[in-house]
Amino acid sequence: MDEQFLDLLAEKYDTEEKIITEIINLEAISNLPKGTEHFVSDLHGEFQAFQHVLRNGSGTVKEKIKELFREAWTDQEIHDFAALVYYPEEKIQLVIGELSNKQALNQWYRLTIEHMLKLISYASSKYTRSKLRKALPEQYVYIVEELLYKTDSTNNKDPYYEEIYRQIISLGQADNLIIGLAYTTQRLVVDHLHVVGDIYDRGPYPDKIMDTLINYHSVDIQWGNHDVLWIGAYAGSLVCLANIIRICARYDNLDIIEDVYGINLRPLLNLAEKYYEDNPSFRPKLQAGHNVSEQEILQITKIHQAIAMIQFKLEIPIIKRRPYFNMSERLLLEQIDYDNNEINICGKTYLLENTCFTTVNPQKPEELLEEERQVMEKLLFSVQHSEKMARHMNFLMKKGSLYLKYNGNLLIHGCIPLDEEGNMEELQIEDKTYAGRQLLDVFEDYLRYAFAHPEETEDLATDMVWYIWTGECSSLFGKREMTTFERYFIQEKEAHKEKKNPYYHLRENEEICRRILQEFDLNPDHGHVINGHTPVKEISGESPVKANGKMIVIDGGFSKAYQSTTGIAGYTLLYNSFGMQLVAHQKFKSKEDVLCNGTDVLSVKRLVDKELERKLVKETNVGEKLLQKISNLKDLLEYRNPVQ
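Residues numbered from 1 in each chain as written. Predicted model: local features only at pLDDT ≥ 70, side-chain atom pairs only at ≥ 80, totals over all residues. Heavy atoms only, no water.

Colleague: Before we move on, could you go through the packing of aromatic side chains and cite the residues and values that matter?
Modeller: Per the counting criterion, the structure on display carries 22 aromatic pairs. Each ring, one from Trp-73 and one from Phe-81, has its centre 5.2 Å from the other, and the planes form 75°; the classification is edge-to-face. Since its relative accessible area comes to 16%, Trp-73 is described here as buried. Plain terms: the ring middles of Trp-230 and Tyr-261 are 5.7 Å apart, the flat faces sit at 50° to each other, and that makes the pair tilted. (Phe/Tyr/Trp six-rings, centres within 6.5 Å; stacked < 30°, edge-to-face > 60°. Buried < 20%, exposed > 50% of the residue type's maximum accessible area, 1.4 Å probe, protein only.)

In structure tokens form, the structure reads like this:
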């Protein structure tokens, strides 16, 4: 081993005793049961539902409570205590309102703190004291540890412990302590969170999800197609930026752009007011319970048209300068018969309805008006100078990747592009051809380069980010073409169809999934592909577990827009030391419903894969690092005490 490295290591472990102590500590940790991994996907800005799933650990919190208290408590008591752990601030206020008698309230405080401590002790049984300490409420660490580790069998310290309880309550600290212990429990039941793509899209609060993830104790993200679109906009892609604003306008979500991220839409509105009128194809899809005046609807409709036309124009030069994108058939503005309002697509002529081509020059359809160009420049400047946008996009880049190999499994949002025979689909980029894992690595390299060079807006890397959003060989798009134009202007549904990559029917085949795992150097006998992106239509009998358990699809429809077709409100996956469990979620009504009625949003857990032997930390990604560190420390020990 490199002596310089060992010298650096010796600065931290400068005595033989420190080295030996750390080796003992790491060896012991590596033999603990692995922590619980929690997989969620396709959150689409649905913060309330996501937050509930996060707080209850996809049912793990209530499961622990049942295991601990089922013999002593009724179902209602279990529901009430679970609600307290999920939403401690609100539940405490409800209890205070119900228990007007101070003595009864103090008794509730005393019992509740004791029950919380029992739950924490149970939930932390496979963690070290050091790891538990980091999860405890900082201001109460000493007190909590004293109460957790009571060892006085002679009862000599009973008055001491009782006085701690009495002082906590009399000094008005019970509320804060219970709240802190509740959040400690939430943290303990999930060791690591995987977000398998699409934090952003049509839901109203992606920013709140991002803030939650930034403060979460351990998380990684596999980018979804919508996440990459937002990254691309921040990285300088005008066409990605136009797509974001168009989607927000379509789903009555412009508040995210203007109010949350502080992007000034006034120049775009002025442009829209000048050139566009009402148009039924561009009226926003209103959110339930969102009161919008007719004037606001008209403004959104005009903005929607203005940004859609800018988007279609911006696509043209990219398609022309990157012929290997193979998207020439998407040069639709050039294929329009503007005199007859018709377009020929794949040999068939369609009548165009609800058109809004006021700003289009038929001779040069890609040409932006000077006003349009100035609007996009102002919007991009505003995006790239938004402090909140910068914080969120930097976090996405720091914690994110296109795919992740973790504890023997492959996590990917969209697909591995395949041809009909199940071979890795090839894409030529300039003079090189890529497929499979290599293609995804190249996509990610371009994305990271574009993000690191936001001043470059027409280079290959920036164009490639847009291709990842919409290209036929993109691992995130997974379709042959995106028929946005057709959905706006053509009535015939046949023109709207988007043919999926063969991956989406071939993933039912176990051999295909095994080959995908091998492509990523994973063991096909033990690994799984964990996939999001396409909602599982459970209502139609579709199973999220495919290919004899090798493929697990966990997009069941967090987004309210998909729930009528999926029949549920999302899947999540749990992977602890005993194996994997898939959890289907029912529609989340409200936090108030959980607090007042004790309802939850879980249905039956489904065992996906059971470990033959309980999986230990040393068999995980974290364990690999621990074992490497143990090896380094042993080398250091030998370096300090060479054998004569």
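Colleague: Tell me about unusual backbone geometry, residues and numbers included.
Modeller: In this structure, Ser-58 takes a positive phi of about 50° despite not being glycine. With respect to the secondary-structure elements, Ser-58 resides in the loop between helix 3 (47-56) and helix 4 (60-69). The phi angle at Ala-547 is positive, at roughly 55°, despite the residue not being glycine. Looking at Ala-547, the relative accessible area reads 6%, which means it is buried. (Helix = DSSP H or I, 4+ residues; strand = E, 2+ residues; numbered from the N terminus.)

Colleague: Tell me what's going on with the pairing of strand 8 (residues 403-406), and back it up with residues and numbers.
Modeller: Along any regular strand the residues' side chains alternate between the sheet's two faces. Here strand 8 runs beside strand 9 (residues 409-412); their pairing, made up of 4 bridges, is antiparallel. The residue of strand 9 that forms the bridge with Tyr-406 is Asn-409. In this antiparallel pair of consecutive strands, strand 8 and strand 9, the connection spans 2 residues, and Asn-407 shows a positive phi of 50°. (Pairing = 2+ DSSP bridges.)

Colleague: Tell me about a negative patch on the surface, and please be specific about residues and values.
Modeller: Together, Asp-2, Glu-3, Asp-7 and Glu-11 make up a negatively charged patch on the protein surface. The residue Glu-11 is located in helix 1 (residues 3-12) in this model. (Patch = residues over 30% accessible without salt bridge, like charges linked within 9 Å, V, L, I, M, F, W, Y side chains within 5 Å. Areas by Shrake-Rupley, 256 points an atom, 1.4 Å probe, with all protein chains shown as cover. Salt bridge = Lys/Arg side-chain N within 4 Å of Asp/Glu carboxyl O. Lys, Arg positive; Asp, Glu negative; His and termini not counted. Charge placed at Lys NZ, Arg CZ, Asp CG, Glu CD.)

Colleague: I'd like a description of the packing of helix 13 (residues 225-234) against helix 19 (residues 387-399), backed by residues and values.
Modeller: Following both chains from N to C, one finds helix 13 and helix 19 inclined at 125°, their axes separated by 10 Å at the closest point. On the basis of their axis angle, the class for helix 13 and helix 19 is oblique. Of the two elements, helix 13 crosses helix 19, and the hand of that crossing is left-handed. Between helix 13, through Asp-227, Trp-230, Ile-231 and Tyr-234, and helix 19, the contact on the second element is made entirely by Met-389, Ala-390, Met-393, Asn-394, Leu-396 and Met-397. Class assignment for the residues of the contact of helix 13 with helix 19 results in 8 nonpolar, 1 polar and 1 charged. (Axes fitted to C-alpha atoms, helices over the stretch in contact; angles between N-to-C directions. Parallel < 35°, antiparallel > 145°, perpendicular 65-115°, else oblique. Left-handed = near helix turned anticlockwise from the far one by under 90°. Contact = heavy atoms within 4.5 Å. Nonpolar A, V, L, I, M, F, W, Y, C, P; charged D, E, K, R; others polar.)

Colleague: Lay out the sheet that holds strand 5 (residues 342-345) with the relevant residues and their values.
Modeller: Strands sit in the order 4-5-6 across an open sheet of 3 strands; the sheet is antiparallel. Of all strands in the sheet, those bounded by a partner on one side alone are strand 4 (336-337) and strand 6 (348-351). Strand direction decides the pairing type here: strand 5 and strand 6, joined by 4 bridges, are antiparallel. Within the sheet, the bridge partner assigned to Glu-342 lies in strand 6 and is Leu-351.

Colleague: How would you summarise the packing of helix 6 (residues 88-98) against helix 7 (residues 102-123) if you had to cite specific residues and measurements?
Modeller: Orientation of helix 6 relative to helix 7, taken along the N-to-C sense of each, is 145°, at an axis distance of 9 Å. Considering how the two elements wind past one another, helix 6 and helix 7 form a crossing that is right-handed. Side by side, helix 6 and helix 7 meet where Ile-92, Val-95 and Ile-96 of the first sit next to Leu-105, Trp-108 and Tyr-109 of the second. The residue inventory of the contact of helix 6 with helix 7, partitioned by class, reads 6 nonpolar, no polar and no charged.

Colleague: So what about the sheet that holds strand 13 (residues 545-546)? Which residues, and what values?
Modeller: Strand order in the open sheet formed by 5 strands is 8-9-12-14-13, with mixed pairing between adjacent strands. The open sheet has two free edges, formed respectively by strand 8 and strand 13, since each of these has just one partner strand. Pairing geometry for strand 13 and strand 14 (residues 551-553), over 2 bridges, is antiparallel. In the sheet register, Val-545 faces strand 14, and the bridge partner there is Ile-552.

Colleague: Would you mind going over the environment of Glu-430 in detail, with residue names and values included?
Modeller: With respect to the helices, strands and loops of the structure, Glu-430 is situated in the loop between strand 10 (426-429) and strand 11 (432-435). With a relative accessible area of 45%, Glu-430 lands in the partly exposed category. Taking the C-alpha atoms as reference points, Glu-430 and Arg-133, 297 residues apart in sequence, are found 54 Å from one another. Setting aside anything within four residues of it in sequence, one finds Glu-430 in contact with Tyr-324 and Leu-460.

Colleague: Quick one: what's the story with helix 27 (residues 621-640), residue by residue and with numbers?
Modeller: If you check helix 27, its first and last C-alpha atoms are 29 Å apart, about what 20 residues at 1.5 Å a residue would give, namely 28 Å. Residues Gly-623, Leu-626, Ile-630, Asn-632, Leu-633 and Leu-636 constitute the buried set of helix 27. Its buried side turned inward, helix 27 meets helix 1 and helix 2 (16-30). (Expected span 1.5 Å × (residues − 1).)

Colleague: Describe helix 7, listing the residues and the values that go with them.
Modeller: Helix length check: helix 7, at 22 residues, gives a terminal C-alpha distance of 31 Å against a target of 32 Å (1.5 Å per residue), a fit within 8%. Here helix 7 has its buried residues at Leu-105, Tyr-109, Arg-110, Thr-112, Ile-113, His-115, Met-116, Leu-117, Leu-119, Ile-120 and Ala-123. Two to three positions downstream of the cap, the backbone nitrogen of Gln-103 sits 2.8 Å from a side-chain oxygen, assigning the N-cap of helix 7 to Asn-101. (Polar contact = N/O pair within 3.5 Å; in protein donor to acceptor, adjacent residues only side chain to side chain.)

Colleague: Which residues make up the nonpolar core, and what are the values?
Modeller: Of all hydrophobic cores here, the largest spans 198 residues; its most connected members are Ile-65, Ile-199, Leu-213, Trp-230, Phe-485 and Phe-489. Here this core gets 12 residues from one element, more than from any other, and that element is helix 17 (residues 294-321). Every residue in contact with Trp-230, bar those within four places of it in the chain, is listed here: Tyr-200, Ile-244, Cys-248, Ile-256, Ile-257, Tyr-261, Met-389 and Met-393. The next biggest cluster of nonpolar side chains, apart from the first, holds 12 residues, and it includes Leu-9, Tyr-13, Ile-23 and Leu-636. (Core = buried A, V, L, I, M, F, W, Y, C linked by side-chain atoms within 4.5 Å.)

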